[in-house]
Amino acid sequence: MIPTAARPTLAIHKFSSCDGCQLALLNLGEGLLDLARMVDIRHFVEAGPMDEEASVDIALVEGCISTAEEAERIRRVRANSRYLIAIGACATSGGVQALRNLHDAGAWTADIYAHPQYIDVLANATSLADRVRVDCELYGCPVNGHQVLAAVRSLLSGVTPLNDRDKLCAECKRRHNVCVMVARGLPCMGPVTATGCGVLCPTLGRDCYGCYGPAENVNSAALGRQLEAEGMSKEARAGRFLFIHSNAPEFASGGSSGED
Amino acid sequence: MERFLPTAQFQRLINLLRRDGYDCVGPRVRDGAIVYGPLERVEELPVGWHDEQRPGHYRLARGSGRRFFDWANGPEALKPLTFASREVLWTVVRDGQGSLRFCEEVPEVRPTAVIGVRACDIAAMHLQDQHFGYREYQDPYYNRRRRALFLVAVDCARPASTCFCHSTGDGPAAHAGFDIALTELDDGFIARARSERGRDLLAELPTTEVTPDHHAAAGAQHDAAVAAQTRRLAGRNLKASLFAHLDHPEWDAVAGRCLSCGNCTAVCPTCFCHSVGDTTELDGRRSTHHRQWDSCFSAGHSYMHSFVVRDQTVLRYRQWLTHKLGTWHDQYGRSGCVGCGRCLTWCPVGIDMVETANRICGGDGDAQP
Ligand code: SF4
Ligand code: SF4
Ligand code: SF4
Ligand code: SF4
């Protein structure tokens, strides 16, 4: 348990990412002020404080490991932190950057950039857990700020943060939404996606695209076959399963199964 | 007591209920389905709408008819009105001295009249009454909502292809457990009252005598609704048969298709499983203890001291069926299925629970109730 005498310290680190998870924390508004009262925020570039090498009780880490420099830096962050929480799709599975793992990224850089010699990336973009020990993973693109606060609260109380990997459908039904897959034939990823977002998409009448990553005990192949039977092309199915979490093995199977 | 309520006077029923202090709730078209919502005027009901249902599929279409209840059912039964999908049970506050103060949160409920309740859903509610009202283990949260209900049932005239309530003995006509039941005909309703307050209300409505023609039309309509149901479970009590076939290959076959998503249990009007959890405010001074719908398809349902007992879909699916159609008989004296067909329709991959159960039980289901 974190001692309560001194205010616990916290750092928010960024790796290869869009900064959206840090924005999700900034968007907490009053919740962020509460957080700043409860903990001493030592490093949070988006909000002001900067001390990248600070030794802290809790590190919240956004982004995937995409370069050699990052592979080195995440080891320092790990060494400097009692608890390391991966936040967001990039940090938990590699995120959209991991799409390049499916192709020859070197060939892409030559096609796209005028001076590809300045691009220095690892062969694969990976999650934090592929590189260092991670104490807790909070999925989402972006992460849900309230989930982050709940995880921090748990650590402050000395308990393991809740890791709810139930299917999105469970929460969708609790919200009394009409299922967009059954009533409208939309290719919803809810049955394979973890809960946590507050069912944003189906509540607004659209299909989930899986940004919270794989739920526990998923059957991507069965969902892929159902989408195929509904007339979705193999390419479109792959796009669905591999969009945000292509590097999550549970989704990879759904993205590659079935006929063209 | 039985009277004929002409269509032109139907609004009066709602007016009287509102006068007596009830919030009225009825089926309404929302987001492509028929679900309960607040009701003030009869025109808000799904006039002329029909539902087309089959496993994994639900669509609404509007016809030219003028009937209010010419459809079978939507994704939600009465369950959300009595067993809340998520609710706070108690809160705890830490005061300045560091001691804890616990406070029970009992829900504020308003008297609610539900118009258009189906027979299957009333049967399911009676099963949940047994569960949440078991001896000294009364559930105040459920009971409060349950006791606030005034039920206006409607007999089914147009079952969906997924309905099989006749084979479970729960429909398509409502027989008990309501205040007033309606049989909808082209020009009005045969209304029968079953409770004291139902009789009082019916006596105040501008009704006429029920004629032999009305009875004949209602009888023919009922017979047609029964005949329309072709699906049926192999027997009313499948317990022995299911437990004799725990190694049947069909369990693996269905688990290969099942998403373990729990949609079937969420829409099932008799499923009562829930989990509890706590939400603590960041400053640690206040915490709420809540419960929410859970499912035998979740990992938490069989989590025991660091491991999940049913860690595979095949075990979870078997748990659902052997409990629902098997061990419910021991607990509640009947099967946990009332034949509403929702778990077939609202399964995203269209798994047909009836076909699965019948295949596993082979021909040896016990046909006796
Ligand atoms: S809309 Fe999507 S998330 Fe909601 S129940 Fe249907 S499949 Fe599940
Ligand atoms: S098991 Fe299926 S058909 Fe039976 S009551 Fe539940 S949802 Fe309805
Ligand atoms: S199960 Fe029976 S009572 Fe329920 S909707 Fe279908 S036909 Fe009507
Ligand atoms: S039977 Fe259908 S609704 Fe139920 S858990 Fe399996 S896939 Fe989901």
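Everything numeric here is computed off the predicted structure, so don't read it as measured data.

1. Let's talk about the site of ligand 2
Right, on to step 1. Around ligand 2, the neighbouring residues are F164, C268, P269, W320, K324, C337, V338, G339, C340, G341, C343 and M353 of chain B.
Right, on to step 2. Among the residues forming the shell around ligand 2, the class breakdown is nine nonpolar, two polar and one charged.

2. Regarding the site of ligand 4
Residues and elements named next belong to chain B.
Right, on to step 1. Contacts to ligand 4 come from 13 residues, most closely from C258, L259, C261, C264 and C347.
Right, on to step 2. The cavity where ligand 4 resides is the second largest cavity.
Right, on to step 3. Grouping the amino acids of the shell around ligand 4 by side-chain chemistry returns 10 nonpolar, three polar and no charged.

3. Here's the deal with the interface of chain B and chain A
Right, on to step 1. At the interface, 42 residues of chain B touch 29 residues of chain A.
Right, on to step 2. For the pair chain B and chain A, the summed buried area comes to about 2700 Å², and 55% of that belongs to carbon and sulfur atoms.
Right, on to step 3. Counting across the chain B and chain A interface gives one salt bridge.
Right, on to step 4. Among the ionic pairs, R316 of chain B bridges to E216 of chain A, the shortest N-O distance being 2.8 Å.
Right, on to step 5. Across the chain B-chain A interface, the total number found is 19 residue pairs in polar contact (both at pLDDT 80 or more).
Right, on to step 6. Of the residues in the side of chain B that touches chain A, the class split is 18 nonpolar, 14 polar and 10 charged.

4. Some remarks on the environment of F189 of chain B
Residues and elements named next belong to chain B.
Right, on to step 1. Its location among the elements puts F189 in strand β13 (residues 188-193).
Right, on to step 2. Distance from F189 to L246, taken between C-alpha atoms, is 48 Å for residues 57 residues apart in sequence.
Right, on to step 3. Among residues more than four places away in sequence, those in contact with F189 are R3, F4, L5, F10, F68, F69, L182, T183 and E184.

5. Overview of the domain arrangement of chain B
Residues and elements named next belong to chain B.
Right, on to step 1. The domain boundaries assigned to chain B delineate domain 1 (2-227) and domain 2 (239-361).
Right, on to step 2. Spacing between the C-alpha centres of domain 1 and domain 2 amounts to 25 Å.
Right, on to step 3. The junction of domain 1 with domain 2 conceals about 3600 Å² of combined surface from both sides, 57% of it contributed by carbon and sulfur atoms.
Right, on to step 4. It is K79, L127 and F164 that lose the most area in domain 1 upon contact with domain 2, and together they represent 17% of the buried surface on that side.
Right, on to step 5. In this structure, the salt-bridge partner of R291 is D139, at a minimum N-O distance of 2.8 Å.
Right, on to step 6. Here domain 1 is connected to domain 2 by 33 residue pairs in polar contact (both at pLDDT 80 or more).
Right, on to step 7. Of all the secondary structure elements, the ones that give two or more residues to the side of domain 1 that touches domain 2 are β4 (49-54), β5 (57-62), α2 (79-82), β6 (86-94), α3 (119-132), α4 (140-147) and α5 (165-168).

6. Observations regarding unusual backbone geometry
Right, on to step 1. Look at the link from C141 of chain A to P142 of chain A: it is a cis peptide, with omega at 0 degrees.
Right, on to step 2. As for its placement among the helices and strands, P142 of chain A is situated in the loop between β5 (136-138) and α6 (145-157).
Right, on to step 3. A cis amide bond links G171 of chain B with the next residue in sequence, P172 of chain B, at an omega value of 0 degrees.
Right, on to step 4. In this fold, P172 of chain B is placed in the loop between α5 and β12 (180-185).
Right, on to step 5. The phi torsion at D31 of chain B lies on the positive side, around 50 degrees, for a residue other than glycine.
Right, on to step 6. Looking at where D31 of chain B falls in the secondary structure, it is placed in the loop between β2 (23-30) and β3 (33-38).
Right, on to step 7. Take D31 of chain B: its relative accessible area is 52%, and that puts it in the exposed class.
Right, on to step 8. The phi angle at R135 of chain B is positive, at roughly 40 degrees, despite the residue not being glycine.
Right, on to step 9. Relative to the assigned elements, R135 of chain B resides in the loop between β9 (133-134) and β10 (137-138).
Right, on to step 10. The exposed category is assigned to R135 of chain B, whose relative accessible area is 61%.

Conventions and cut-offs
- Residues numbered from 1 in each chain as written.
- Chains lettered and ligands numbered in written order.
- Predicted model: local features only at pLDDT ≥ 70, side-chain atom pairs only at ≥ 80, totals over all residues.
- Heavy atoms only, no water.
- Near = heavy atom within 4 Å.
- Nonpolar A, V, L, I, M, F, W, Y, C, P; charged D, E, K, R; others polar.
- 1 Å grid on protein atoms, 1.4 Å probe; cavity = no way out; pocket = protein on both sides within 12 Å on 5 of 7 lines; lining within 4 Å.
- Sits in = over half its atoms within 2 Å of the grid points.
- Contact = heavy atoms within 4.5 Å.
- Buried area = accessible area lost by both parts, 1.4 Å probe.
- Salt bridge = Lys/Arg side-chain N within 4 Å of Asp/Glu carboxyl O.
- Polar contact = N/O pair within 3.5 Å; in protein donor to acceptor, adjacent residues only side chain to side chain.
- Helix = DSSP H or I, 4+ residues; strand = E, 2+ residues; numbered from the N terminus.
- Domains from an automatic or database assignment.
- Buried < 20%, exposed > 50% of the residue type's maximum accessible area, 1.4 Å probe, protein only.

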